[in-house]
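Close look at the chain arrangement
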Amino acid sequence: MKSAKLTIDGNEHEFPVTVGSEGEVGIELSGLRKTTGAISLDPGYGSTGSCLSEITFIDGEKGILRYRGYDIEELAKNCTFVEVCYLLNFGHLPNEAQLQDFGDKMTRHTLLHEDMKKFFEGFPATAHPMAMLSAMVSSLSAYYPGAGIDEDLDLNVVRLLAKVKTIAAFSFKKSMGQPFVYPRNEYSYCANFLHMMFSLPTENYKPSKVLVDALNLLLILHADHEQNCSTSTVRMVGSSHVSLYASIAAGISALWGPLHGGANQAVIEMLRMIRNDGANYQKYVDMAKDKSSGFRLMGFGHRVYRNFDPRARILKRTADQVLSELGVDDPLLKIAKRLEQVALEDEYFVKRRLYPNVDFYSGIIYRAMGIPTNMFTVMFALGRMPGWIAHWKEMRNDPRTRINRPRQIYTGPTHQVFVPRAER
Ligand code: SDX
């Protein structure tokens, strides 16, 4: 396909077409308004591309997910999360020396400025950790001003990747009323996070290999997912040339929503509700089919995947393995599997091609690791950090990037004659 033609009021207009490396076709409509006076209208952007990107490829029909061309299954099996952070950030897998150097930098920048600890004191104990995470990441721009496309960019990227796990762990400790635990340089990224989460002044906590491996996998599976709601938010906010930290803080807020990254918390709350209701799966499947109920099967469905989400398939296997290795028998896992089976035999879900997504099983594993439900979306944000950063950098380095400013079709009142208050 070389071009696309559009006929409006009998006039034919031709638009160029861009074909991506995987054969996806995009009609270049940036000139549509100038040449036709009309704009395209696509609420939710289901058929609208915002950019060209070299970072992640998803084939929703075939259930393919690749970071920089590598299948998610390969990366999940063979890499650490730090290695995938390098891949997403620099565009290629690191050799031993590059990985060692990048890992050392990530270790050296894990501490927060001591003044930042005071911010946590201002939050109520009931504050959701996502509220703290977004506020803390935004406040990093007060300590590292600028954080734009400049000579300090690589350093600011390392600072953000390294410090965000400390902020996340401190948010957890704040919500538990426990003292903050400082990172230790002898630990790897995931071991350090688990150490900061679960160590106490009264007892030393040694992160087990099972948990470190499970956390590496979970973070890798969440590391990027092309133009999802939160990544598009990071790109949109970053298009105004605000700092990397402020752009990422906006992405954290977008991720928090229950239709997006907040779904992993909502899935566990839903499974608990089903368990407490006598595991009456069909009742909840029927509710999800009834629009008037306002209830959705959380962890099901996806804008892009019209088949299985490859991440959900990996996590379903991992849930079995991690729970058995930890000797955890979680009734919610059985309910999740049964619910999946009932839903996938139901015409409503089959017809709409609604399958479990990444959020359906992830919470089961986080629970088994001892991570509380209100921290699940924070875990999603930890994983998505390298993806958000890679897209922010790609957007800022793209010469075609302009400040994002969509148009609208106005449907409000036409001109009104002003009537003085005394006459109304
Ligand atoms: C993530 O974009 C990404 O890549 C996101 C993500 C990432 O890695 O960044 O993959 C992570 O956010 C996964 C999604 C987590 N959210 C949930 O699990 C919440 C439950 N899911 C739904 O709200 C929904 O499926 C979405 C939000 C995921 C997708 O919404 P869409 O694409 O706007 O689909 P839709 O709402 O238009 O639904 C299409 C139809 C509708 O029915 P009809 O109007 O055709 O009759 O399917 C129905 C919907 O009512 N539907 C559901 C459903 N999801 C869609 N019905 C019941 N339960 C559901 N979960």
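Numbering of residues begins from 1 in every chain and follows the order in which that chain's sequence is written. Totals for whole chains, interfaces and linings use every residue, but because this is a predicted model, local features are given only for residues with pLDDT of at least 70 and side-chain atom pairs only at 80 or more, for both listing and counting. Heavy atoms from the whole structure form the basis of all side-chain values; hydrogens and water molecules are not counted.

1. Thoughts on the overall build of the chain
Numbering of helices and strands starts at the N terminus; helices are DSSP runs of H or I of at least 4 residues and strands are runs of E of at least 2. In terms of helices and strands, the chain carries 18 helices and six strands. In terms of overall dimensions, the chain has a C-alpha envelope of 75 × 65 × 55 Å along the principal axes. Whether two residues are in contact is decided by their heavy atoms, any of which lying within 4.5 Å being enough. Residue pairs at least 24 apart in sequence account for 70% of intrachain contacts in the chain once pairs closer than 6 positions are excluded. Once the 49 positive and 46 negative side-chain charges of the chain are each reduced to a mean point, those two points are 4 Å apart. A residue counts as positive if it is Lys or Arg and as negative if it is Asp or Glu; His and the chain ends are not included. Taken as the charge centre is NZ of Lys, CZ of Arg, CG of Asp or CD of Glu, depending on the residue.

2. Details of the sheet that holds strand β6 (residues 70-71)
Spatial ordering of the open sheet is given by β4-β5-β6, a layout of three strands whose pairing is antiparallel. Strands at the two margins of the open sheet, each flanked by one partner only, are β4 (56-59) and β6. Only strands that DSSP links by at least two bridges are regarded as paired with each other.

3. With respect to a positive patch on the surface
A patch is a set of surface residues, each over 30% in relative accessible area and not in a salt bridge, joined within 9 Å for like charges and within 5 Å for the nonpolar side chains Val, Leu, Ile, Met, Phe, Trp and Tyr. To be clear on the numbers: accessible area is Shrake-Rupley with a 1.4 Å probe, and residue cover counts the displayed protein chains and nothing else. The salt bridge definition used is simple: a Lys or Arg side-chain nitrogen within 4 Å of an Asp or Glu carboxyl oxygen. Positive charge collects at one region of the surface, where K291, R296, K351 and R352 lie side by side. Tracing the backbone shows K351 in helix α16 (residues 347-351). Residue classification places K351 among the exposed positions, given a relative accessible area of 58%. For every residue, the accessible area (1.4 Å probe, protein chains only) is compared with the maximum for its type, and the residue is labelled buried under 20%, exposed over 50%, or partly exposed between those bounds.

4. Quick look at the sheet that holds strand β2 (residues 11-19)
Strand order in the open sheet made by the three strands is β1-β2-β3, with antiparallel pairing throughout. Edge positions in the sheet fall to β1 (3-8) and β3 (25-27), since each has one partner strand and no second. Across the sheet, the mean angle from the axis of one strand to that of its neighbour is 35 degrees, orientation sign disregarded. The pairing of β2 with β3 spans three bridges and is classified as antiparallel. The residue of β3 that forms the bridge with V19 is V25. Every axis in this analysis is a line fitted to C-alpha atoms, fitted for helices over the stretch in contact. Angles between the N-to-C directions lie between 0 and 180 degrees.

5. Some points on the packing of aromatic side chains
Pairs were defined over the aromatic rings of Phe, Tyr and Trp, the Trp ring being its six-membered one, requiring ring centres within 6.5 Å. Orientation was assigned from the angle between planes: stacked under 30 degrees, edge-to-face over 60, tilted for the rest. Enumeration according to the criterion identifies 18 aromatic pairs in this entry. A ring pair is formed by Y86 and F90, whose centres lie 4.6 Å apart and whose planes are at 45 degrees; its orientation type is tilted. Of this pair, Y86 and F90 both sit in helix α3 (residues 81-90), separated by four residues, roughly a single helical turn. An aromatic cluster is built from F300, Y348, F349, F360 and Y361, whose rings are joined through pairwise contacts. Geometrically, a charge over a ring is one whose NZ (Lys) or CZ (Arg) sits within 6 Å of the ring centre while staying within 35 degrees of the ring normal. The positively charged end of K393 is found above the aromatic ring belonging to F90, 5.2 Å away from the centroid.

6. Quick word on the pattern of salt bridges
Oppositely charged side chains can form a pair if their charged atoms are brought close together. As enumerated under the stated definition, the model contains 20 salt bridges in all. Its salt-bridge partner being E394, residue R235 comes within 2.4 Å of it at the nearest N-O pair. With R235 in helix α10 (residues 229-238) and E394 in helix α18 (residues 376-397), this pair connects stretches of sequence that are 159 residues apart. Relative accessible area serves as the criterion here: at 7%, R235 is assigned to the buried category. We classify E394 as buried; its relative accessible area is 17%. Across the pair D277 and K283 runs a salt bridge, and its minimum N-O distance is 2.4 Å. Among the charged side chains, a salt-bridge network with shared partners connects E22, R66 and D71.

7. Considerations on the site of the ligand
Near residues are defined by distance, with any heavy atom within 4 Å of the molecule or strand qualifying the residue. Neighbouring residues of the ligand: 24 residues in total, closest H225, R296, H302, R303 and R311. Throughout this description, a polar contact denotes any pair of N or O atoms lying within 3.5 Å of each other; where both atoms belong to protein, one of them has to be capable of donating a hydrogen while the other can accept it, and for residues adjacent in sequence the pair is counted only when both atoms sit in side chains. A distance of 2.7 Å separates an oxygen atom of the ligand from a polar side-chain atom of R303. Bound to the protein, the ligand loses 79% of the 1100 Å² it would expose on its own. In terms of residue class, the shell around the ligand is made up of ten nonpolar, seven polar and seven charged. Basically, the charged four are Asp, Glu, Lys and Arg, the nonpolar ten are Ala, Val, Leu, Ile, Met, Phe, Trp, Tyr, Cys and Pro, and anything else, Gly included, counts as polar.

8. Some words on the state of the cysteines
Cysteine sulfur atoms that pair up within 2.5 Å are treated as a disulfide. Per the stated rule, a full pass over the model turns up zero disulfides. Summary of cysteine pairing: C51 is not part of a disulfide, and the nearest cysteine sulfur, belonging to C229, is at 14 Å. Residue C51 is classed as partly exposed on the basis of its relative accessible area, which comes to 28%.

9. As for a nonpolar patch on the surface
Taken together, M1, V19 and V25 make up a surface patch of nonpolar side chains, about 290 Å² in accessible area. Among the secondary structure elements, V25 is positioned in strand β3. In this structure V25 comes out as partly exposed when scored by relative accessible area, which is 44%.

10. Brief notes about the nonpolar core
If you look at the biggest cluster of nonpolar residues, it comprises 120 residues, and the most contacted ones within it are I248, L271, L297 and M369. Looking at this core, the element that brings in the most residues is α18, giving twelve residues. For this analysis, a nonpolar core means a set of buried residues of the types Ala, Val, Leu, Ile, Met, Phe, Trp, Tyr and Cys, connected via side-chain atoms within 4.5 Å.

11. Regarding α18
The span you would expect from a helix comes to 1.5 Å times its residue count less one. Here α18 spans 32 Å end to end across 22 residues, near enough to the 32 Å set by a 1.5 Å rise per residue. Along α18, the sharpest kink reaches roughly 45 degrees, centred on R384 and followed within four residues by the proline P386. Within α18, 20 of the 22 residues are buried, which leaves the element mostly enclosed by the surrounding structure. Take the seven residues that end at a residue and the seven that start at it, fit an axis to each, and the angle between those axes is the bend at that residue.

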